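Tertiary structure, described
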Amino acid sequence: MKQLFVLLISFFFSVSLFAQSDIKTESFKVDGTCSMCKKRIEDAAYVKGVKRAEWSETTHELTVIYRPSKTNVESIAKSIAKAGHSSEKMQASEEDYNNLPDCCHYKTAVCEH
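Residues numbered from 1 in each chain as written. Predicted model: local features only at pLDDT ≥ 70, side-chain atom pairs only at ≥ 80, totals over all residues. Heavy atoms only, no water.

Enumeration according to the criterion identifies nine salt bridges in this entry. Lysine 29 is the salt-bridge partner of glutamate 61, the closest N and O atoms lying 3.6 Å from each other. With a gap of 32 residues between them, glutamate 61 in strand E3 (residues 61-66) and lysine 29 in strand E1 (residues 24-29) connect regions that are remote in the sequence. For lysine 29, a relative accessible area of 39% gives the class partly exposed. Residue lysine 38 pairs with glutamate 54 through a salt bridge whose shortest N-O separation is 3.5 Å. Of the two residues, lysine 38 sits in helix H2 (residues 35-45) while glutamate 54 sits in strand E2 (residues 50-55), which places them 16 residues apart along the sequence. With a relative accessible area of 21%, lysine 38 lands in the partly exposed category. Assessed through its relative accessible area of 37%, glutamate 54 is described here as partly exposed. Here the salt bridges share partners, and the residues they tie into one network are Lys38, Glu42, Arg52 and Glu54. (Salt bridge = Lys/Arg side-chain N within 4 Å of Asp/Glu carboxyl O. Helix = DSSP H or I, 4+ residues; strand = E, 2+ residues; numbered from the N terminus. Buried < 20%, exposed > 50% of the residue type's maximum accessible area, 1.4 Å probe, protein only.)

See below:
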């Protein structure tokens, strides 16, 4: 009985270590200007498999923590581009960019926030 218990404990420990190795962190530049952009970018980055997304207004760097078995950087960047924000991974279409509020048009670099 004791051996079975030790075997089960070691099995669960090894499974938890394996599951944690399925997490990846990536960073890339995403265009934006203000706190409204920050919220939109981070919300768009939360596709299935993303555990955390953080965009910096000062560096324009987005850091995502995700499970590669459920998503990839291209899918994340595509969702962000669909929200109107270009990145070094994918450009937003003009239509999606023009749907942004006027203060969030990062190409003109004019924001009153």
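Here the focus is the pairing of E2. Bridging between E2 and E3 involves five bridges; their strand directions are antiparallel. For alanine 53, the partnering residue across the bridge sits in E3 and is valine 64. Between the end of E2 and the start of E3, which pair antiparallel, lie five residues, with histidine 60 showing a positive phi angle near 60°. (Pairing = 2+ DSSP bridges.)

So, about the packing of aromatic side chains. The way to describe two aromatic rings as a pair is by their centre distance and the angle between their planes. Evaluation of the coordinates by the stated rule reveals one aromatic pair. An angle of 75° between the planes, with centres 4.9 Å apart, marks the rings of tyrosine 97 and tyrosine 106 as edge-to-face. In terms of burial, tyrosine 97 and tyrosine 106 fall into one category: buried. (Phe/Tyr/Trp six-rings, centres within 6.5 Å; stacked < 30°, edge-to-face > 60°.)

What follows covers the side chain of arginine 40. Looking at where arginine 40 falls in the secondary structure, it is placed in helix H2. Discounting residues that sit within four places of it in the chain, arginine 40 has contacts with Ala83, His85, Leu100, Pro101 and Cys104. (Contact = heavy atoms within 4.5 Å.)

Moving on, we get to the sheet that holds E1. One key point about sheets: their strands pair by backbone hydrogen bonds, in either a parallel or an antiparallel sense. Taken in spatial order, the three strands make up an open sheet running E1-E3-E2, and their pairing is antiparallel. Every other strand in the sheet has two partners, leaving E1 and E2 as the edge strands with one partner each. Averaged over all pairs of adjacent strands, the angle between strand axes in this sheet comes to 15°, irrespective of strand direction. Seen against the sheet, H2 touches E2 and E3 and runs at an angle of roughly 160° to E2. In this fold helix H3 (residues 73-82) packs onto E1, E2 and E3, with an angle of close to 40° to the strand it touches most, E1. (Axes fitted to C-alpha atoms, helices over the stretch in contact; angles between N-to-C directions.)

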